[in-house]
Amino acid sequence: MECMKIEELLQKLIRFNTTNPPGNEAECIMYIHELLKGAGIDSLILGDKGERLNLIARLEGNGSKPPLLMYGHVDVVIAADQAWQHPPFEGVIEDGYVWGRGALDMKGAVAMMISAVLRAKSEGFIPSGDIVLCIVCDEENDGIYGAKYIVDNYPDLFKNIKYAIGEIGGFTMPIGGKRFYPIMVAEKQRCAIRATVKGQGGHGSMPVKDGAMAKLGELLARLNRSRLPVHITSSAKMMLQALSSNLGFPTNIVLKSLLNPVLTDKVLDLLGDKGRMFDPVLHNTVNATIVRGGEKINVIPGEIRLDFDGRILPGFAPEDIMDELSKLIGRDIELQILSYDRGPERIDMGMFEILGSILRAGDREAIPIPFIVSGVTDARFFSKLGIQTYGFTPMILKNDIDFSRLIHSADERIPVEALDFGAESIYKLIVGYDG
Ligand SMILES: [Zn+2]
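The rules behind the values
- Residues numbered from 1 in each chain as written.
- Predicted model: local features only at pLDDT ≥ 70, side-chain atom pairs only at ≥ 80, totals over all residues.
- Heavy atoms only, no water.
- Donors = N, O, S within 2.8 Å, 3.2 Å for Na, K, Ca; no water.
- Tetrahedral: all angles 85-135°; square planar, octahedral: opposite > 155°, others 65-115°.
- Helix = DSSP H or I, 4+ residues; strand = E, 2+ residues; numbered from the N terminus.
- Buried < 20%, exposed > 50% of the residue type's maximum accessible area, 1.4 Å probe, protein only.
- Salt bridge = Lys/Arg side-chain N within 4 Å of Asp/Glu carboxyl O.
- Pairing = 2+ DSSP bridges.
- Axes fitted to C-alpha atoms, helices over the stretch in contact; angles between N-to-C directions.
- Contact = heavy atoms within 4.5 Å.

Peer 1: Explain the coordination of the zinc ion to me, please; I cannot follow it from the model alone.
Peer 2: Coordination angles at a metal have ideal targets, namely 109.5 degrees for four tetrahedral donors and 90 or 180 degrees for six octahedral donors. The protein atoms donating to the zinc ion are His73 (NE2), Asp105 (OD), Glu167 (OE) and Glu167 (OE), with metal-donor distances spanning 1.8 to 2.8 Å. Classification of the site at the zinc ion as irregular follows from its four donor atoms and the range of 51 to 154° in their angles at the metal. Binding-site remark: the zinc ion is held by donors from one chain whose sequence spacing is H-x31-D-x61-E. Linking His73 in strand S3 (residues 68-73) with Asp105 in the loop between strand S5 (97-99) and helix H3 (107-122), this pair joins segments that are 32 residues apart in sequence. Looking at Asp105, the relative accessible area reads 6%, which means it is buried.

Shown next, in the form of structure tokens:
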């Protein structure tokens, strides 16, 4: 490893086509296994299916502190039908970037974790607590063979672990001329909901008014005009207070007023696109994504099914969103929960300060802030074991690169400088970790 630079490691990882589905992460996982073995670190290979594997390695500590978990996924989303400047699975290095699918999400971060662990090992460093490195498959498709699988089947491997670092956080987010670094401390929960809209059916030749189709139209129009009720959760409060207290007038006042539930929606309307990232952290949300109804051109359907991608704030339950939705669209519409993925419930900020100080050491202008993610990550599985995840894959990004627009898109790429920054920061965490 001493002779392999981090950008070369990332290049190798990108060249394994781990598009999920089908994933086929085994070769990539075995490559990492061999790499660690070469440095004297044994790892366990776990998996239910030969081509879907996971790896767990330990850098042994002296046992004076609890172990610390670092986890990442090596599967990636599809790159087909997108216009790439460089082929997505070649890992071309050009203009100071490593290009390719997974550079940001999240093979780049996996490379940072591996190289930080290898560096500590090569220096003979013994941390206070074990550093547990866990590289999984299948994050992009519900973690069935990945994090969910190992949490369900091997909980003992994570004994005594309180804290973990994972994806979504630690990167530069410029706002109002300041350099913020969000660190994910909470995420929303997924809940798929089905509405069944019923009405008078009949022959297509006879006019029918106020049938299921008309009700569906009204329902969708109402959803389009409204939001579910405002909720100020503790994580949203922490995030918005941290932002507003570091910004000047009038942005600070605007952001603070989002925390006043009487004003929240009005301010969001005024902010328009600029307020887009705040809307989902202040509401449970539903998006209608699938509609099924009607089979034949001359038969008026008496029933239409509408499926919603529902997202619930931390601390709330499916009954809450069902109740809110029902109030909005009318009690006569039948609602049913199709699936629910419970997320982390409480937030433990115990490691936030150390992560923030590492970021400030790497970038003197860094302002670390707690962050709530509107999507879901593998954090929800590890939280079942009582583990608090922090989104911490540090990347120093200059203004010409917008993390949120490149993720899952064409021309996904990471600056080599950001890779070095991340590996250095994670190394600092390993040597500075004191539980
Ligand atoms: Zn990811």
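Peer 1: Got a minute to help me understand the pattern of salt bridges in this structure?
Peer 2: The final tally for this structure, using the stated rule, is 24 salt bridges. The closest approach of N and O atoms between Asp265 and Arg227, which form a salt bridge, is 3.9 Å. In this pair, Asp265 is assigned in helix H8 (residues 264-271) and Arg227 in the loop between helix H5 (212-225) and helix H6 (234-244), connecting sequence segments 38 residues apart. A residue is classified by how much of its surface remains accessible, and Arg227, at 28% relative accessible area, is partly exposed. Ionic pairing is found between Arg227 and Asp269, a salt bridge with its closest N-O pair at 3.0 Å. With Arg227 in the loop between H5 and H6 and Asp269 in helix H8, this pair connects stretches of sequence that are 42 residues apart. A cluster of three or more residues bridged by salt bridges with shared partners is formed by Asp142, Arg190, Asp341 and Arg380.

Peer 1: I tried to follow the pairing of strand S6 (residues 131-136) on my own but got confused; where do I start?
Peer 2: Both faces of the sheet carry side chains from a regular strand, because those side chains alternate between them. Across the six residues of S6, six count as buried, placing the element largely inside the fold. Pairing of strand S2 (residues 52-59) with S6, which is carried by five bridges, proceeds in the antiparallel orientation. Looking at the pairing, Ala57 lines up with Leu133 of S6. For S3 and S6, the ladder comprises six bridges, and the chain directions are parallel. Residue Leu68 lies in a different strand from S6, and its bridge partner there is Ile131.

Peer 1: How should the sheet that holds strand S9 (residues 178-187) be read in this particular structure?
Peer 2: Strands in a sheet are paired, the pairing made by backbone hydrogen bonds, and the direction either parallel or antiparallel. Strand order across the open sheet formed by three strands is S8-S9-S16, with mixed pairing between neighbours. Two strands bound the open sheet, and with one partner strand each, they are strand S8 (173-175) and strand S16 (366-373). Ignoring strand direction, the axes of neighbouring strands in this sheet form an average angle of 45°. Here S8 runs beside S9; their pairing, made up of three bridges, is antiparallel. Along S9, the bridge assignment pairs Met173 with Phe180. Relative to the sheet, H6 contacts S8, S9 and S16, its axis offset from that of S16 by approximately 155°. Across the face of the sheet, helix H11 (residues 352-362) comes into contact with S9 and S16 while running at roughly 135° to S16.

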